[in-house]
Amino acid sequence: MVPENPQEWGCTFLFCLFLLGLLILIIWVKNRFIFLSFLLSFGCFCAGYIRTKDIKNAFQKLPNNVIAFRFQVLSSPIKKPRTYAFVGEISTFLNTKGEWKEVKSRSQFYLEHTAGIPKLGDYFLAKAHLQNIRPSAFPFGQNWPAYYARKGIYATAYLPAKQTKRIQHKEDDFVFKAFFERIQYQLLRHLHRALPNERNRAVGGAMLLGGHESIDFETRSSYAALGAIHILSVSGMHVGVLFLCIQFFLQFIPKRNHITTVGSFLLPLFFIWMYAGITGFSAPVLRASCMFSVVLFAQTFRYPLNSINLLAFTGFVMLVWDPMQLYDAGFQLSFLAVLGILLFQVKLHALWEPKMKHSWLQYLLKQVWALTTVAITAQVLTFPWILFYFHQFPHVGIMLLANPLLVLLSTISLILGLAFLLIAPLLYAFDITYFYVLLGKWLNISFTVLHEVMFWIDHTLQPTTPFLHWETWMFFPYYLILLLGIIWWEIRHKVILILLASLFLGSITYFQWEQWQAFRKQKIAYLGQYRGETVWLEIHGLKARLRASHKIFQDPAWIQSNISPVLAHHFIQDTIHERWKSEENVSWTWKGKRFYLAHYSTVLFPKGINVMILDSKLKKQGFEWLKWRRPENRFWTQSLTDYYQRKLNLIETKPNFQMALDTVTAKGY
């Protein structure tokens, strides 16, 4: 509710009016308990609002005249092909006037490999150019400046080894985090010995320990296509399996006195929070750890439990700690999935009970049906958010058949993995290599079987529907239809059914009308860039044409995160890819305007150029050849430094409109 800019205060004002109307309604009903509950909730809301403003104002945006700066490493470094990526907090900076000033700001840094591996708590002195967080390359994508600003990160910088110096190390500031990092590193070493396959190693490190190994795009997209992307991250399922394993062993210990009762509470609590620390205290793990801690307390000391209240309490605790998690997609999807399971799984499971002659077959069908109902109910509340963020969804039939199988196979890998991580350090310390190698082979086989089945389903059945259109207004009819459906199921009243059918048909009709309007009138194009390469996207009706160099088509992850949102927003059903050679100049016409893409300098230009796009590499060839060409708009694929900008100004005393494509979202025509 805290606005990003002054123009958004209207939303806060409308929400306050809603709270006031709710208060008047409660006073009119004259229910004292609801009134007191409202006052308590309103007090929590005000406290959260103040806390959020405090966090947003904790870090400042740096000025543009920064030459050098001193910073401390705040996050564990992630190894990239040529750099180490991490978040650092800047404490002082040197400006162009030669003045050192204190500041509190965070930045995303990329340190060159030759500078050595950065560690938590390291202080560095660097001379580098800080750049603002760039917006999404194309519209309708993630708002990256706002996303990073909520974390206090306002800039990014590449740190060359020659201009970056380590000046101090203070691990005391991160003593607990460094402790968990060391344990995670040791366990990852055992995991890497057991998993020689690179894909299994990356998935195992991410799934079991929240490791920072980079999972290849094919594997990640296959998990996402089958609706099983949650398997790749440490989540509530992992903590749940650990909790059940500990509970299984503790049931053999008789609780005869107060000491054993307290011990049976503290021991699982210790293991749960140790595992949460080793895996990095991610949002799903924190949610699950908080929930299982309360469940453990209630079971041990015989207190009643309400699942919905337990989930709400967990969310409240996490948002008090970090209110900005409310904007995180992982936090939203995690809580909505659990809420959907708690609300609907039992009722859906009760609709059908498998009855078979053979007991083993009946047990198997029961487990499959239980997993299927969990998969369905987890998607009920998260479905619109998945479309909103990712613009794709698995085919329902394939997902319902594949998801239980993948959950079963991943659970086997998870149980074997947790067992290996618990036993492997002891086996390795006492040199019991036979069982160490044997358990590692079983774990490797389980991951191999999981991936073989997953890739076969993905490549054979093509389970994903891409470019799914979803806008903000669609949330309201979706959840209203869901609510009316629940009310009708409870009371079976004809009026509710009529309202439900009317709302459903009205929403479908409006959606189809928008799609028909797009088919008749839609004609738009976008000019953007990808790592210094020009990207041209034409949309005509429900078809699109993507024109770019071969480099972009070798990066499907970038296309999915930048191009797919545009295609989904415009109802696109078919896309044509065209490649142009990066060493040739290209010319085309769109809506009466002449576009010219220059990859090399020339004195012969086509006549009547309206928009000229210049490869940033041309700056090294000088600007004399541009002297007599002054189109309406001129774009550079990447920003010019102050040195080249001064050289260009010497040629053009009155330069025409020009802009760098990497500093703005793609321009529409």
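Structure shown above.
Predicted model, so just to flag it, every value in this text is computed and none were measured.

1. So, the overall build of the protein
Then, in step 1: Along its length, the protein carries 19 helices and 20 strands.
Then, in step 2: Its C-alpha radius of gyration of 29 Å places the protein within 12% of the 26 Å reference for a compact globule of 669 residues.
Then, in step 3: Oriented by its inertia axes, the alpha-carbon framework of the protein measures out at about 90 × 70 × 55 Å.
Then, in step 4: The buried share among the 669 residues of the protein stands at 43%.
Then, in step 5: Long-range pairs, those at least 24 residues apart, make up 65% of the contacts in the protein with a sequence separation of at least 6.
Then, in step 6: Per element, the accessible surface of the protein, about 37,400 Å² overall, is 64% carbon and sulfur.

2. Digging into the packing of helix H4 (residues 175-194) against helix H14 (residues 433-461)
Then, in step 1: Following both chains from N to C, one finds H4 and H14 inclined at 75 degrees, their axes separated by 8 Å at the closest point. With respect to H14, the element H4 is oriented roughly perpendicular. Between H4 and H14, the residues in contact are His190, Leu191, Arg193 and Ala194 and Tyr436, Gly440, Leu443 and Asn444, respectively.
Then, in step 2: Taken together, the residues of the contact of H4 with H14 break down into 4 nonpolar, 3 polar and 1 charged.

3. Concerning the packing of H4 against helix H8 (residues 258-278)
Then, in step 1: Where H4 meets H8, the closest approach of the two axes is 8 Å, and the angle between their N-to-C directions is 85 degrees. Judged on the interaxial angle alone, H8 and H4 are roughly perpendicular. On H8, the residues touching Phe179, Phe180, Ile183, Gln184 and Leu187 of H4 are Met274, Gly277 and Ile278.
Then, in step 2: Partitioned by chemical class, the residues of the contact of H4 with H8 number 6 nonpolar, 2 polar and no charged.

4. With respect to the side chain of threonine 534
Then, in step 1: The residue threonine 534 is located in strand E12 (residues 533-540) in this model.
Then, in step 2: With a relative accessible area of 2%, threonine 534 lands in the buried category.

5. With respect to the pairing of strand E4 (residues 100-112)
Then, in step 1: In the sheet, strand E3 (residues 83-95) pairs with E4 via 11 bridges, with the strands oriented antiparallel. Note on E4: the bridge partner recorded for tyrosine 84 is leucine 111.
Then, in step 2: Adjacent in sequence and paired antiparallel, E3 and E4 are bridged by 4 residues, among which glycine 98 carries a positive phi angle near 80 degrees.
Then, in step 3: As defined by bridge partners, E4 adjoins strand E7 (residues 153-159) across 6 bridges and the pair is classed as parallel. In the strand pairing of E7, glutamine 108 is matched with threonine 156.

6. Some words on the sheet that holds strand E13 (residues 543-548)
Strands in a sheet are paired, the pairing made by backbone hydrogen bonds, and the direction either parallel or antiparallel.
Then, in step 1: Read across the open sheet, the 5 strands follow the order E14-E13-E12-E11-E20; overall the sheet is mixed. Taken across any chain shown, the strands that pair with only one partner, and hence form the sheet edges, are strand E14 (574-579) and strand E20 (667-668).
Then, in step 2: Relative to E14, E13 is paired through 6 bridges, and the arrangement is parallel. If you follow lysine 543 over to E14, its bridge partner there is aspartate 574.
Then, in step 3: Against the sheet, helix H18 (residues 556-569) contacts strand E11 (523-530), E12, E13 and E14, and its axis sits at roughly 30 degrees relative to E12.

7. Digging into the nonpolar core
Then, in step 1: Within the largest apolar cluster, 57 residues are counted, with the highest numbers of intra-cluster contacts made by Leu191, Leu208, Leu209, Tyr223, Phe420, Leu421 and Phe447.
Then, in step 2: Looking at this core element by element, the count peaks at 8 residues for helix H13 (residues 396-429).
Then, in step 3: Not counting residues up to four positions away in its chain, the partners in contact with leucine 191 are Gly204, Gly205, Leu208, Leu209, Phe420, Leu421 and Leu443.
Then, in step 4: In terms of nonpolar packing, the next biggest core, distinct from the first, is built from 19 residues, Tyr526, Val535, Ile539 and Ala544 among them.

8. With respect to the pairing of E13
Then, in step 1: Note that E12 and E13 share 5 bridges and pair antiparallel. Bridging from a neighbouring strand, leucine 537 pairs with leucine 546 of E13.
Then, in step 2: Adjacent in sequence and paired antiparallel, E12 and E13 are bridged by 2 residues, among which glycine 541 carries a positive phi angle near 70 degrees.

9. Concerning the pattern of salt bridges
Then, in step 1: Under the definition given, this model contains 9 salt bridges.
Then, in step 2: Put simply, arginine 134 and aspartate 662 hold a salt bridge, and the shortest N to O gap is 3.3 Å. Here arginine 134, found in the loop between strand E6 (131-132) and helix H3 (144-149), pairs with aspartate 662, found in the loop between strand E19 (657-660) and E20; they are 528 residues apart in sequence, far enough to count as distant.
Then, in step 3: Given the relative accessible area of 38%, arginine 134 is considered partly exposed.
Then, in step 4: What makes aspartate 662 buried here is its relative accessible area of 5%.
Then, in step 5: As a salt-bridge pair, lysine 366 and glutamate 353 come within 3.9 Å of each other at their nearest N and O atoms. Of the two residues, lysine 366 is situated in helix H12 (residues 359-390) and glutamate 353 in the loop between helix H11 (329-349) and H12; the sequence distance between them amounts to 13 residues.
Then, in step 6: With a relative accessible area of 33%, lysine 366 lands in the partly exposed category.
Then, in step 7: Salt bridges sharing common partners tie together Arg545, Arg547 and Glu578.

10. Comments concerning the environment of valine 203
Then, in step 1: Within the secondary structure, valine 203 sits in helix H5 (residues 198-209).
Then, in step 2: The sequence separation of valine 203 and alanine 660 amounts to 457 residues, and the corresponding C-alpha distance is 38 Å.
Then, in step 3: Apart from the residues within four sequence positions on either side, valine 203 is in contact with Ile215, Thr219, Tyr223, Leu232, Phe447 and His451.

11. Details of the side chain of glutamate 538
Then, in step 1: Topologically, glutamate 538 is positioned in strand E12.
Then, in step 2: For glutamate 538, the side chain forms a polar contact with the side chain of tryptophan 536, separated by 2.9 Å.
Then, in step 3: Residue contacts for glutamate 538: discarding those within four places in its chain leaves Ile524, Ala525, Lys543, Ala544, Arg545 and Trp590.

12. Observations regarding H5
Then, in step 1: Its 12 residues place the ends of H5 16 Å apart at the C-alpha level, agreeing with the 16 Å of an ideal helix rising 1.5 Å per residue.
Then, in step 2: Buried residues dominate H5, accounting for 9 of its 12 residues.
Then, in step 3: Within H5, the full set of buried residues consists of Asn200, Ala202, Val203, Gly204, Gly205, Ala206, Met207, Leu208 and Leu209.
Then, in step 4: Backbone nitrogen of arginine 199 and a side-chain oxygen of the N-cap are separated by 2.9 Å at the start of H5; the cap is asparagine 197.

13. Remarks on helix H15 (residues 475-491)
Then, in step 1: The end-to-end C-alpha separation of H15 is 24 Å, in line with the 24 Å expected for 17 residues at 1.5 Å each.
Then, in step 2: Those residues of H15 that sit buried are Phe475, Pro477, Ile481 and Leu484.
Then, in step 3: Buried residues along H15 sit in contact with H12 and helix H16 (494-521).

14. What about the packing of aromatic side chains?
Then, in step 1: Under the defined criterion, the tally for this structure stands at 44 aromatic pairs.
Then, in step 2: Note on phenylalanine 69 and phenylalanine 109: the rings are 5.7 Å apart at their centroids and 15 degrees apart in plane angle, and the pair reads as stacked. Of the two residues, phenylalanine 69 sits in strand E1 (residues 66-73) while phenylalanine 109 sits in strand E4, which places them 40 residues apart along the sequence. With respect to class, phenylalanine 69 is no different from phenylalanine 109; both count as buried.
Then, in step 3: Between the aromatic rings of tryptophan 144 and tyrosine 147, the centroid separation amounts to 5.6 Å while the plane-to-plane angle is 90 degrees, which identifies the pairing as edge-to-face. Of the two residues, tryptophan 144 and tyrosine 147 both sit in helix H3, 3 residues apart, roughly one turn of that helix.
Then, in step 4: By relative accessible area, tryptophan 144 is classed as partly exposed at 31%.

Definitions and limits used
Residues numbered from 1 in each chain as written. Predicted model: local features only at pLDDT ≥ 70, side-chain atom pairs only at ≥ 80, totals over all residues. Heavy atoms only, no water. Helix = DSSP H or I, 4+ residues; strand = E, 2+ residues; numbered from the N terminus. Rg over C-alpha atoms; globule rule 2.2 N^0.38 Å. Buried < 20%, exposed > 50% of the residue type's maximum accessible area, 1.4 Å probe, protein only. Contact = heavy atoms within 4.5 Å. Areas by Shrake-Rupley, 256 points an atom, 1.4 Å probe, with all protein chains shown as cover. Axes fitted to C-alpha atoms, helices over the stretch in contact; angles between N-to-C directions. Parallel < 35°, antiparallel > 145°, perpendicular 65-115°, else oblique. Nonpolar A, V, L, I, M, F, W, Y, C, P; charged D, E, K, R; others polar. Pairing = 2+ DSSP bridges. Core = buried A, V, L, I, M, F, W, Y, C linked by side-chain atoms within 4.5 Å. Salt bridge = Lys/Arg side-chain N within 4 Å of Asp/Glu carboxyl O. Polar contact = N/O pair within 3.5 Å; in protein donor to acceptor, adjacent residues only side chain to side chain. Expected span 1.5 Å × (residues − 1). Phe/Tyr/Trp six-rings, centres within 6.5 Å; stacked < 30°, edge-to-face > 60°.

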